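# Examination of the molecular architecture
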Amino acid sequence: MSKKNPEYDFKWCPGCGDFGVRRALEMAMQRWTVKTEQPIEQNVVVAGIGCSGNLVHLLEGQQPFGFHGIHGRSLPLALGVKMGNPELNVVVVAGDGDFLSIGGEHIAPQAARNLNVCVVVMDNGVYGLTKGQSSPTTVEGTVTSSTPYGKMEAQVSPLHLYMTLGVSFVASGFSSKVREMADLIMQGMEHPGFAIVHVQSPCTTYNNTYDVLKGDPAKGIAPVIYDIPDEHDPADRSAAMAMVDSPGLPLGLIYQDPGSVPLEQRLATATVNARSRKAEDVFDSLMI
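Just so it is clear, the structure is predicted and the values come from calculations on it, not from any experiment.

## Concerning the side chain of N124
Tracing the backbone through its elements, the reader meets N124 in the loop between β4 (118-123) and α5 (158-165). Judged by relative accessible area, which is 13%, N124 ranks as buried. In terms of polar contacts, N124 uses its side chain to reach the backbone amide nitrogen of V126, at 3.1 Å. In contact with N124, not counting residues within four places along its chain, are D96, S201, P202, C203 and N207.

## Examining unusual backbone geometry
For residues that are not glycine, phi is negative in most cases, and the peptide bond is trans in most cases. Positive phi values are uncommon outside glycine, yet N114 reaches one of about 60°. Relative to the helices and strands, N114 resides in the loop between α4 (107-113) and β4. Its identity is not glycine, yet K131 carries a phi of approximately 80°, on the positive side. With respect to the element layout, K131 can be found in the loop between β4 and α5.

## Concerning the pairing of β4
The element β4 is extensively covered by neighbouring structure, given that six of its six residues are classed as buried. A two-sided burial pattern is seen for β4, the buried positions comprising C118, V120 and M122 on one face and V119, V121 and D123 on the other. Looking at chain direction, strand β3 (residues 89-95) and β4 are connected through five bridges and run parallel. Of the residues in β4, the one forming a bridge with G95 is M122.

## Quick notes on the sheet that holds β3
Strands pair in a sheet through their backbones, by hydrogen bonds, and they do so in one of two ways: parallel or antiparallel. A sheet is described by the order of its strands in space; here eight strands give the open sequence β2-β1-β3-β4-β6-β5-β8-β7, paired in mixed fashion. Each edge of the open sheet is held by one strand with a lone partner, namely β2 (65-68) and β7 (225-227). Adjacent strand axes in the sheet meet at a mean angle of 25° when their direction is disregarded. Across six bridges, the pairing between β4 and strand β6 (residues 195-200) is parallel. In the strand pairing of β6, D123 is matched with Q200. Along the sheet, helix α2 (residues 74-84) contacts β1 (43-47), β2, β3 and β4; its crossing angle with β3, the most-contacted strand, is approximately 175°.

## Side note on the pattern of salt bridges
Under the defined criterion, the tally for this structure stands at six salt bridges. A salt bridge links E105 to R73; the shortest N-O distance between them is 3.4 Å. One end of the pair, E105, is in the loop between α3 (96-102) and α4; the other, R73, is in the loop between β2 and α2, and 32 residues separate them in sequence. Among the ionic pairs, K219 bridges to D211, the shortest N-O distance being 2.8 Å. Classification of K219 as exposed rests on a relative accessible area of 55%.

## As for the packing of helix α1 (residues 18-36) against helix α6 (residues 178-190)
One can describe the packing of α1 onto α6 by two numbers: an axis separation of 8 Å at closest approach and a directional angle of 50°. By the criterion of interaxial angle, the relationship of α1 to α6 is oblique. The handedness of the crossing between α1 and α6 comes out as right-handed. Touching G20, V21, R23, A24, L25, M27, A28, M29, R31, W32 and K35 of α1 are V178, R179, M181, A182, D183, I185, M186, M189 and E190, all from α6. When the residues that make up the contact of α1 with α6 are grouped by side-chain class, the tally is 13 nonpolar, one polar and six charged.

## Here's the deal with the environment of L213
Along the polypeptide, L213 turns up in helix α7 (residues 210-214). Residues L213 and P202 lie eleven residues apart in sequence; the distance between their C-alpha atoms is 9.1 Å. In this structure, L213 is in contact with F174, Q200, P202, P223, V224, I225 and L249, ignoring residues within four places of it in sequence.

## Some words on the state of the cysteines
One pass over the structure, following the stated rule, counts zero disulfides. In this model C118 remains outside any disulfide bridge; the closest cysteine sulfur is found in C16, 19 Å from its own. Owing to a relative accessible area of 1%, C118 belongs among the buried residues under this scheme. Looking at the unpaired C203, the closest cysteine sulfur is the one in C13, lying at 6.0 Å. Its relative accessible area of 9% is what places C203 among the buried residues.

## Observations concerning the packing of aromatic side chains
Scanning the model with the defined rule gives three aromatic pairs in all. On the numbers, 5.1 Å between centres and 85° between planes, the contact of W12 with F19 is edge-to-face. Residue F19 is classed as buried on the basis of its relative accessible area of 15%. Relative to Y210, the ring of F174 has its centre 6.3 Å away and its plane inclined at 65°; by these criteria the two rings are edge-to-face. With F174 in strand β5 (residues 169-174) and Y210 in helix α7, this residue pair connects regions lying 36 residues apart in the sequence. Y210 carries the same exposure label as F174, and that label is buried. Between R237 and the ring centre of Y255, over which it is positioned, the NZ or CZ distance is 5.4 Å.

Rules behind the numbers
- Residues numbered from 1 in each chain as written.
- Predicted model: local features only at pLDDT ≥ 70, side-chain atom pairs only at ≥ 80, totals over all residues.
- Heavy atoms only, no water.
- Helix = DSSP H or I, 4+ residues; strand = E, 2+ residues; numbered from the N terminus.
- Buried < 20%, exposed > 50% of the residue type's maximum accessible area, 1.4 Å probe, protein only.
- Polar contact = N/O pair within 3.5 Å; in protein donor to acceptor, adjacent residues only side chain to side chain.
- Contact = heavy atoms within 4.5 Å.
- Pairing = 2+ DSSP bridges.
- Axes fitted to C-alpha atoms, helices over the stretch in contact; angles between N-to-C directions.
- Salt bridge = Lys/Arg side-chain N within 4 Å of Asp/Glu carboxyl O.
- Parallel < 35°, antiparallel > 145°, perpendicular 65-115°, else oblique.
- Left-handed = near helix turned anticlockwise from the far one by under 90°.
- Nonpolar A, V, L, I, M, F, W, Y, C, P; charged D, E, K, R; others polar.
- Disulfide = S-S within 2.5 Å.
- Phe/Tyr/Trp six-rings, centres within 6.5 Å; stacked < 30°, edge-to-face > 60°.
- Lys NZ or Arg CZ within 6 Å of the ring centre and 35° of its normal.

Have a look at this one:
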């Protein structure tokens, strides 16, 4: 974005929350490579279409493989990458419009399979790349370029949706809290199964929600976000559901299934139990 900061040569607006997400993901992947003693090339970032797609370009030097796919189809692409090489660390990056609208149909199947990937969703409550149309997480009644008389649809609650669909790791972050976000992404990458880190990442151009999220005493605005208490047990599904259904927006690890079994482990079991058949046997079974 400037000569002093050439590493931020991204097509994002100044102040965009995605800058913080980018830094957090970069930090988490650097930590991952050190801990696993694997090269950065063992990481793959899969993106759909939207502002979030810029995260396929992370580092100035060596960087993970990046797959810039099509709108809403990041999860099917990630499934293909992971099944092609289960040893890869696959991270999906998406926006609220990309992931929860056209891509919403793919969340439940991957939760049921427990696909072993970490998804980082950047939620700005609007379609930023295409000039500010309403998205699934836009507040009902909001006037946007696509809803000039106010949005008629109810606002989607992503955290409640993930819990309902059976996602085995659900966390919530805020783009201004980079280190905390990096910790959550690292935990998501280490989780053996389907992990979603849903991040509030305000759009300064079309939906600047910084004051609403952080609060502003001078304007009489109470904060919406709060840190999850230390006594919260993320293995307690009932407590996690109660938390996402309560007022406010929790930040931290909300839920993690302690008995999570990833898809590749289930597939290995099925492969062992599968009966091997010769081509002649297959042909004979089809003969009348």
